[in-house]
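Coordinate analysis (summary)
Chain by chain, the residues:
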Amino acid sequence: SEVYFNGEWMPYDQAKISVFDRGFMLGDGLYEVTPFYEGKPFRLEDHLARLEYCLNEIMIDFDTSSLKALKLEAVSRAGLSQKDAAVYMQVSRGVAPRTHYFPEDVKPTFLMYAFPVKLEGFQHKQWRVLVSEDLRWHRCDIKSTSLLANIKSNSESHRLGLDENLLTRDGYFTEGSHSTIFFIRNGIAYTHPEGPQILSGITRKVVIELCRELNIPVKEQAFPVSELESVDEVFLTGTTTQVMAVSEMISEGKTIYAQPEIGPVTRKLQEAFVAKTRNL
Ligand code: PLP
């Protein structure tokens, strides 16, 4: 299949990067994943705004003005105009001799491609998750391709046959290895505030909007692990995760939370999420 690489469409196996690309050598790069429901983009502007924020934070000078049109083109060229799909975009700083500081005036390396993804049916699933220490750095608001800590954690849960990780730092839940966490207690939704400890999830933002529409109060505050016993429902949000109920949390071989049924607040938000993303 085709990719858009440094300004041209080409078969993926013809796209080549230098061994001195700082994305390859140092993980000096960013990425974004935008969902398309039946070929139509969802929150495309938010995904572009987050990329621009991240580019600015790590000082990569890259013009994003053509990306909206290119994302639509990627979906249509891949034959996914009527299908559920996602577009992956990656910007690395570019090719330069290896140094820790970044050199000036390097041309960023850009890659984009569309791929089919199953977005329907999430309301009929539940995830079992591993609770473990958040090993990541202190700028998790930057959607960096340096994902070693996420990879290490997620590989542990995968080996145990689990679906995702809930990460904790200093006794509080931060987020999932690739999702945002929401807790429901006494009808109130809790989720970690935006800031350097989490990625500002686009789906997080959508779900907070849905809570407001449904009169579900939202508290953007970190949730303590010690209060897990008082929790009624837990769900995770993300671009491909959407709104996924958590049925079990495991920590050091023990079940520390179990909720075999999808709770009523989660259900309501799932229904509202489907209504918002279908027939765009
Ligand atoms: N948190 C992390 C660490 C992620 O990697 C992701 C998405 O991949 C999310 C949260 C969810 O963000 P979004 O809803 O924008 O996909």
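Conventions and cut-offs
Residues numbered from 1 in each chain as written. Predicted model: local features only at pLDDT ≥ 70, side-chain atom pairs only at ≥ 80, totals over all residues. Heavy atoms only, no water. Pairing = 2+ DSSP bridges. Helix = DSSP H or I, 4+ residues; strand = E, 2+ residues; numbered from the N terminus. Contact = heavy atoms within 4.5 Å. Axes fitted to C-alpha atoms, helices over the stretch in contact; angles between N-to-C directions. Expected span 1.5 Å × (residues − 1). Buried < 20%, exposed > 50% of the residue type's maximum accessible area, 1.4 Å probe, protein only. Parallel < 35°, antiparallel > 145°, perpendicular 65-115°, else oblique. Left-handed = near helix turned anticlockwise from the far one by under 90°. Nonpolar A, V, L, I, M, F, W, Y, C, P; charged D, E, K, R; others polar. Near = heavy atom within 4 Å. Polar contact = N/O pair within 3.5 Å; in protein donor to acceptor, adjacent residues only side chain to side chain. Areas by Shrake-Rupley, 256 points an atom, 1.4 Å probe, with all protein chains shown as cover. Domains from an automatic or database assignment. Buried area = accessible area lost by both parts, 1.4 Å probe. Salt bridge = Lys/Arg side-chain N within 4 Å of Asp/Glu carboxyl O. Phe/Tyr/Trp six-rings, centres within 6.5 Å; stacked < 30°, edge-to-face > 60°. Lys NZ or Arg CZ within 6 Å of the ring centre and 35° of its normal. Patch = residues over 30% accessible without salt bridge, like charges linked within 9 Å, V, L, I, M, F, W, Y side chains within 5 Å. Disulfide = S-S within 2.5 Å.

**Notes on the sheet that holds strand 2 (residues 8-11)**
If you walk across this open sheet you meet the six strands as 2-1-6-5-3-4, and the pairing is antiparallel. Edge strands, defined here as strands with exactly one partner in the open sheet, are strand 2 and strand 4 (40-41). Strands in contact with helix 3 (residues 67-77) are strand 1 (2-5), strand 2, strand 3 (29-37), strand 4, strand 5 (85-92) and strand 6 (109-116); relative to strand 6, the strand with the most contacts, it is inclined by about 40°.

**So, helix 6 (residues 264-277)**
The end-to-end C-alpha distance of helix 6, which contains 14 residues, comes to 20 Å, matching closely the 20 Å that a straight helix rising 1.5 Å per residue would cover. Among all positions in helix 6, only Val265, Thr266, Leu269, Gln270, Ala272, Phe273 and Thr277 are buried. Taken together, the buried residues of helix 6 touch strand 3, strand 10 (180-185), helix 5 (202-213), strand 14 (233-238) and strand 15 (242-251).

**Considerations on the packing of helix 5 against helix 6**
Packing of helix 5 against helix 6 leaves a shortest axis separation of 10 Å and a crossing angle of 110°. Compared by their axis directions, helix 5 and helix 6 come out roughly perpendicular. In terms of crossing hand, the pair formed by helix 5 and helix 6 is right-handed. Every residue of helix 6 that contacts helix 5 at Thr203, Val206, Val207, Glu209, Leu210, Cys211 and Glu213 is listed here: Leu269, Ala272, Phe273 and Lys276. Split by residue class, the contact of helix 5 with helix 6 holds seven nonpolar, one polar and three charged.

**Considerations on the site of the ligand**
Neighbouring the ligand are 17 residues; Arg50, Glu175, Ile202, Thr203 and Thr239 lie closest to it. Within the backbone of Ile202, one N or O atom sits 2.8 Å away from an oxygen atom of the ligand. In the model, an oxygen atom of the ligand is placed 2.6 Å from a nitrogen or oxygen of the Thr239 side chain. Considering the ligand on its own, with 390 Å² of exposed area, one finds that the protein chains cover 91% of that surface.

**A word on the domain arrangement of the protein**
Annotation of the protein at the domain level lists domain 1 (2-116) and domain 2 (122-277). Taken over C-alpha atoms, the centre of domain 1 sits 26 Å from the centre of domain 2. Domain 1 puts 21 residues into the contact, and the matching count from domain 2 is 20 residues. At the boundary of domain 1 with domain 2, total buried surface from both sides reaches about 1800 Å², with 59% on carbon and sulfur atoms. Contact with domain 2 buries area across many residues of domain 1, yet Tyr31, Tyr37 and Arg50 alone supply 35% of it, more than any other trio. Between Asp46 and Lys205 there is a salt bridge, with its nearest N and O atoms 2.7 Å apart. Of all the elements, strand 3 adds the most residues to the side of domain 1 that touches domain 2, at eight residues. Partitioned by chemical class, the residues of the side of domain 1 that touches domain 2 number 11 nonpolar, five polar and five charged.

**Points about the packing of aromatic side chains**
Under the definition given, this model contains 13 aromatic pairs. Arranged with centres 5.2 Å apart and planes meeting at 25°, the rings of Phe62 and Phe110 form a pair that is stacked. Residue Phe62 is located in the loop between helix 2 (44-57) and helix 3, and its partner Phe110 is located in strand 6; the two are separated by 48 residues in the primary sequence. Ring pairs connect the aromatic residues Tyr4, Trp9, Phe62 and Phe110, which therefore count as one cluster. Over the ring of Phe102 we find Arg93, and its NZ or CZ is 3.8 Å from the ring centre.

**Regarding a nonpolar patch on the surface**
The grouping of Ile17, Val19, Phe20, Phe24, Met25 and Val95 at the surface amounts to a nonpolar patch, some 560 Å² of accessible area in total. Mapped onto the elements of the fold, Met25 is located in helix 1 (residues 22-26). A relative accessible area of 32% means that Met25 is categorised as partly exposed.

**Description of the state of the cysteines**
Per the stated rule, a full pass over the model turns up zero disulfides. For the unlinked cysteine Cys140, the closest cysteine sulfur is that of Cys54, found at 11 Å. Exposure remark for Cys140: the relative accessible area of 5% places this residue in the buried category.

**A look at the environment of Leu72**
Relative to the elements of secondary structure, Leu72 occurs in helix 3. Its relative accessible area of 37% is what places Leu72 among the partly exposed residues. The spacing of Leu72 and Lys40 is 32 residues in sequence and 8.5 Å in space, taken between C-alpha atoms. Residues in contact with Leu72, not counting those within four places in the same chain, are Phe36, Pro41 and Leu44.

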